[in-house]
Amino acid sequence: MNLTIIGCGYVGLVTGVCLAELGHIVTCVDHNAEKIAMLSLGKSPIYEPGLDALMEKNMSAGRLRFTLNLAQAVSEADVVMIAVGTPPDAANKGKADLSAVFKAAQSIAPALRAHTVVVTKSTVPVGTGKQIKSIIERTNPQSTCDVASNPEFLREGSAIADFMSPDRIVIGVERDAAAHILADLYHPLTNQGFALLRTDLETAEMIKYASNSFLATKIAFINEMADICEQVGANVEQVAKGMGMDARIGEKFLQPGPGFGGSCFPKDAMALAQLAHENNVEPAILNSVIHYNLGRRASMAARVMDACAGSVQGKNIAVLGLTFKANTDDMRESASLAIIPALMAAGVHIHTYDPQGMANAKELLKGDIIWSASALDALTKADACVIVTEWQEFRELDWAHAREQMHQPLIIDLRNLFAPDDMAKLGFDYYSIGRKPALRQAVQNKTISAA
Ligand code: UGA
């Protein structure tokens, strides 16, 4: 099948590469000449594990190419996917900004063939599919194309595996003809037993928002449970485990942390709340998830200051991890963007390291920050360490050696990477989320009394 993807951002690029891997002929279009030049050389502008190798393989096999020529790519396509950005419109209470989507619909309309299916991959508010259809009909009254919704459920950092082994493929269509074409497109996956759910356009659009908002709610909920655990002396990790063993709840997305970030959950929860509001539904649950999460991210710096006995003025603090989660270089809505400026405002000297996010972070975090070459470098002479992102590299660090390099053996772990007692035994004062702090003094006292 011939497929054209409009937009070579995260979603467009991963989708294009993976559909080529499934055997389709894919052309990815973008208006950014620099990006197309880079992609045409086989270089991905984003960090996503496994993407470069898959790109190279499919480009060499002649199944994947990149172009600025939208009209030609669209005129050859059986399916055109719109995968441009839908950023939150700050001036409009976080409502999704659909200008790029509508512009894409307008640009593709004149070049569409009779039976092409125009698919929205971008996350768009309910009703957008119908608006795309009317833009196409207005721009090209001869067009008989179909419009469909096919939301993506890809997590940054594991997007290729998510695409190749989906929990479900959702297609929202108006007519059988479009359903058949999309069923053919995904046949290499449904053939292996992966489920495909057919709905109408509006329902597919809603499934995407409802899924992201539900996952965001799950995270906000476990974070609130962590707050309670800290006050009552319970262990949130075990609480999450015990809850997750109930098949009705499930164990996933119950990892407490500094609050959810990234380009999707915060944006989509806000956009859905705004959509609800415009349709006379007051989304009380969503509103409190959004509100709670913002407050949580903002409160993380105070947690660090508390662990430092209230005073951080003039201290050297190592911040390990900058990206919104591990295995990405994406800084959007990362907790580090709230924590670092607040610590700097309190007089902290920040030494920071992230395996992939430093270049993007440098664009967003200004001021007197020391960008370290490694985690150990950042920790050397530090008065405290704050772990913001759950990189495997931090789990594997030689912490006994790190402790010797630090000025004070204090860790505030916002991702619960370690068992508290293990860190206290290594000589750290260790504060984490939703669990009792583990203090080296307590371990020493226990050892003395046992002797
Ligand atoms: C999310 C969804 O998981 C994807 O299914 C969806 O396709 C994507 O948004 C999208 O709409 O494009 P992503 O933003 O890449 O994917 O990252 P997640 O792994 O979902 O993490 C989001 C945030 O929640 C991160 O800040 C992460 O640290 C946090 N999180 C996640 C937790 O704090 N606890 C958890 O248990 C899971």
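Remember, predicted model here, so these are calculated numbers, not experimental data.

### Considering the domain arrangement of the protein
As a measure of interface size, the accessible area lost when the parts come together is often cited.
Then, in step 1: In terms of domains, the protein is made up of domain 1 (2-199) and domain 2 (296-450).
Then, in step 2: When each unit is reduced to the centre of its C-alpha atoms, the spacing between domain 1 and domain 2 is 39 Å.
Then, in step 3: Carbon and sulfur atoms make up 43% of the area that domain 1 and domain 2 hide from each other, which totals about 600 Å².
Then, in step 4: Of all residues in domain 1, Tyr47, Glu156 and Gly157 give up the largest surface area on contact with domain 2, accounting jointly for 84% of the area buried on that side.
Then, in step 5: On inspection of domain 1 and its partner domain 2, the count reaches one salt bridge.
Then, in step 6: A salt bridge links arginine 332 to glutamate 156, with the nearest nitrogen and oxygen atoms 3.8 Å apart.

### Considerations on the site of the ligand
Then, in step 1: The environment of the ligand is formed by 19 residues, the closest being Glu152, Glu156, Lys208, Asn212 and Gln255.
Then, in step 2: Within the contact set of the ligand, an oxygen atom lies 3.2 Å away from a backbone nitrogen or oxygen of phenylalanine 324.
Then, in step 3: Within the contact set of the ligand, an oxygen atom lies 2.8 Å away from a side-chain nitrogen or oxygen of lysine 325.
Then, in step 4: The fraction of the free accessible surface of the ligand (710 Å²) that becomes covered by protein chains is 92%.
Then, in step 5: The dominant element in the shell around the ligand, judged by the number of residues it contributes, is helix α10 (residues 201-232), at three residues.

### Comments concerning the sheet that holds strand β14 (residues 384-387)
Then, in step 1: In space, the six strands of this open sheet follow the order β13-β12-β11-β14-β15-β16, with parallel pairing throughout. The sheet is open, and its two borders are formed by β13 (369-371) and β16 (429-431), each paired with just one other strand. Neighbour to neighbour, the strand axes of the sheet diverge by 20 degrees on average, direction disregarded.
Then, in step 2: Direction of pairing for strand β15 (residues 410-413) relative to β16: parallel, over a ladder of three bridges. The residue bridging isoleucine 412 from the neighbouring strand is tyrosine 431, located in β16.
Then, in step 3: Set on the sheet, helix α13 (residues 284-307) makes contact with β11 (316-320), β14, β15 and β16; between it and β15 the angle comes to about 155 degrees.

What counts, and where the lines are drawn
- Residues numbered from 1 in each chain as written.
- Predicted model: local features only at pLDDT ≥ 70, side-chain atom pairs only at ≥ 80, totals over all residues.
- Heavy atoms only, no water.
- Domains from an automatic or database assignment.
- Buried area = accessible area lost by both parts, 1.4 Å probe.
- Salt bridge = Lys/Arg side-chain N within 4 Å of Asp/Glu carboxyl O.
- Near = heavy atom within 4 Å.
- Polar contact = N/O pair within 3.5 Å; in protein donor to acceptor, adjacent residues only side chain to side chain.
- Areas by Shrake-Rupley, 256 points an atom, 1.4 Å probe, with all protein chains shown as cover.
- Helix = DSSP H or I, 4+ residues; strand = E, 2+ residues; numbered from the N terminus.
- Pairing = 2+ DSSP bridges.
- Axes fitted to C-alpha atoms, helices over the stretch in contact; angles between N-to-C directions.
- Contact = heavy atoms within 4.5 Å.

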